[in-house]
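Chain residues, written in single-letter form:
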Amino acid sequence: MHDIRALRADPAAFDADLARRGLAPVADKLLVWDEERRQAQTALQEKQARRKALAREIGPLKGRGEDTSALEAEAVGLRAEMEAFEEKIAFLDGESSGVLASLPNRLDADVPEGPDESANVVQHEWGTRPAFSFTPRQHFELGEALGQMDFGTAAKLSGARFVVLKGALARLSRALGQFMLDLHVQEHDYTETLVPVLVNDAAMYGTDKLPKFADQSFRTEDGRWLVPTAEVPLTASVSGDILAAGSLPLRMTALTQCFRSEAGSAGRDVRGMLRQHQFEKVEMVSVTTPEESSAEHERMTRCAETVLEKLKIPYRRVLLCAGDTGFGAVKTFDLEAWLPGQDAWREISSCSNTRDFQARRMNARFRPQGGGSPVFVHTLNGSGLAVGRTLIAVMENYQQEDGSVVVPEVLRPYMGGIERITA
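This report concerns the structure included in the present document. (Residues numbered from 1 in each chain as written. Predicted model: local features only at pLDDT ≥ 70, side-chain atom pairs only at ≥ 80, totals over all residues. Heavy atoms only, no water.)

### Quick look at the pairing of strand S12 (residues 344–353)
- With eight of its 10 residues buried, S12 lies for the most part within the structure.
- Counted along the chain from strand S11 (residues 331–339) to the antiparallel partner S12, the turn is four residues long, and its residue Asp 343 has a positive phi close to 55°.
- Bridge analysis of S12 against strand S15 (residues 378–386) gives three bridges, and the strand direction is antiparallel. The residue of S15 that forms the bridge with Ser 352 is Asn 381. (Buried < 20%, exposed > 50% of the residue type's maximum accessible area, 1.4 Å probe, protein only. Helix = DSSP H or I, 4+ residues; strand = E, 2+ residues; numbered from the N terminus. Pairing = 2+ DSSP bridges.)

Here is the structure:
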């Protein structure tokens, strides 16, 4: 949600930020509604004051037996006028809130211009892409040949975009999630958190998933939502709170199942595990002060990069352009892993700073040290990492000519010492 005071102060800049995302200007319309609302609020207060004055005047007159019918009629008329102004204010609030809730966050000045992912900027690349003496296979070719990745049974159970993992591949997936959690807790100072994967409307709205992304999420018959990412419950855990400055930053991490309808993705990545309705992800969330959020964004991204470095998976960091930056973010770094089977870089993590955008929606604040009025916190979220996509990256980068997959050294303690996955 946006601060209407910032819009009043510089409407041209507000519209210019929308234009960077390819959106039409809205400042004039919002300012007209804002002015009408303030006028209605002033008129309502004047009517309320007059009605209170009449009440004070009518009482003594009645006590002396004097005729107060004209004053009482005026009071009745004022009540009707007040109701009309209250309705107008409620209507204008609803219209303004609806528009503001539909508008994306304002972008950081560092975000490059561009309409889509073609304008994203590669910041650095890490690792050496493996050289194979054979034609590398894609993960689903490897998994099916191993007999441990079953899309047919998953389709029988649930339909398209699901998978059943078996044997050592199932264990490798579990090992990846456990390894990531241990790393973030033991070395990166995140607190492991076990959260619900069913949340209410308020949690989804506060983390900017509603109303924008309703069609991309699954809803239960009793009105709850399956989380698209643990970002939702982790971030919403501070909704409505006034935190002590000394408690910040809060750093939380969780491994959860995630659910996405993948609306609008028909025909994209239809084979394999890259784009699933249900998948596991280790999420990182930080809640911090405005002064520290930029540094926290860099820190969070480095935490995600460290996972890939310890796994020895080649990756690159990409700064997303204006047209590719997500709805709630002011700035996003994507990490893209090298997939030899696809001969392509594919996103494996996305780390975003939302500043106070989510905090305003869920009224999450902190009280500055030394006192003063509460201030909105800044919230950040990042994948650390998507487990299924990391499994894909491991399989494709560690594949052998005979179809087996070498287990990265850092994962072997989680695999009971298994060094290679074979059929």
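### Considerations on the environment of Leu 391
- Summarising the element assignment, Leu 391 is placed in helix H12 (residues 387–397).
- Residue Leu 391 is classed as buried on the basis of its relative accessible area, which comes to 0%.
- As a C-alpha pair, Leu 391 and Met 273 span 118 residues in sequence and 9.2 Å in three-dimensional space.
- Residues in contact with Leu 391, not counting those within four places in the same chain, are Leu 165, Leu 169, Leu 172, Ser 173, Leu 176 and Met 273. (Contact = heavy atoms within 4.5 Å.)

### Some points on helix H2 (residues 11–20)
- All of the buried residues along H2 are Phe 14, Asp 15, Asp 17, Leu 18 and Arg 20.
- Residues of H2 that are buried make contact with helix H1 (4–9) and helix H3 (27–63).
- With its phi angle positive at about 80°, Gly 22 sits one or two positions after the end of H2.

### Considering the sheet that holds strand S13 (residues 365–367)
- The mixed open sheet is built from three strands, whose spatial order is S7-S13-S14. What marks the edges here is a single partner per strand, and that holds for strand S7 (242–244) and strand S14 (375–376).
- Bridge count between S13 and S14: two bridges; the pairing is antiparallel. By the bridge assignment for S14, Arg 365 is matched with Phe 376.

### Notes on helix H5 (residues 139–146)
- Those residues of H5 lying buried are His 139, Phe 140, Leu 142, Gly 143 and Leu 146. The buried side chains of H5 occupy one side of the element, clustering within an arc of 160° when seen end-on.
- In this structure, the buried side of H5 is in contact with strand S2 (149–150), helix H6 (151–158), helix H7 (167–186), H12, strand S16 (405–406) and strand S17 (420–421).
- Backbone geometry just downstream of H5 places Gly 147 in the positive-phi region, at approximately 75°. (Arc of directions from axis to C-beta.)

### Concerning the packing of H7 against H12
- Two elements in contact, H7 and H12, have axes separated by 10 Å at closest approach and are oriented at 115°. Seen along the crossing, H7 lies across H12 with a hand that is right-handed. Facing H7, whose interface residues are Leu 169, Leu 172, Ser 173, Leu 176, Gly 177 and Met 180, H12 presents Val 387, Thr 390, Leu 391, Val 394 and Met 395. (Axes fitted to C-alpha atoms, helices over the stretch in contact; angles between N-to-C directions. Left-handed = near helix turned anticlockwise from the far one by under 90°.)

### Considerations on the packing of H7 against helix H10 (residues 293–311)
- With their axes 11 Å apart at the nearest point, H7 and H10 run at an angle of 125° to one another. What the angle tells us is that H7 and H10 run oblique. Regarding H7 and H10, the two cross each other, and that crossing is right-handed. On H10, the residues that touch Leu 176, Phe 179, Met 180, Leu 183 and His 184 of H7 are Cys 303, Thr 306, Val 307, Lys 310 and Leu 311.
- Here the contact of H7 with H10 is composed, by residue class, of seven nonpolar, two polar and one charged. (Parallel < 35°, antiparallel > 145°, perpendicular 65-115°, else oblique. Nonpolar A, V, L, I, M, F, W, Y, C, P; charged D, E, K, R; others polar.)

### Here we look at the pattern of salt bridges
- Overall, the coordinates contain 33 salt bridges when judged by the stated rule.
- Ionic pairing is found between Arg 360 and Asp 3, a salt bridge with its closest N-O pair at 3.4 Å. With a gap of 357 residues between them, Arg 360 in helix H11 (residues 357–362) and Asp 3 in the segment before H1 connect regions that are remote in the sequence.
- Given the relative accessible area of 23%, Arg 360 is considered partly exposed.
- Taking the shortest distance from any N to any O, the salt bridge between Asp 201 and Arg 219 comes out at 3.2 Å. Residue Asp 201 is found in helix H8 (residues 201–206), and its partner Arg 219 is found in the loop between H8 and strand S6 (225–226); the two are separated by 18 residues along the sequence.
- A relative accessible area of 34% places Asp 201 in the partly exposed class. (Salt bridge = Lys/Arg side-chain N within 4 Å of Asp/Glu carboxyl O.)

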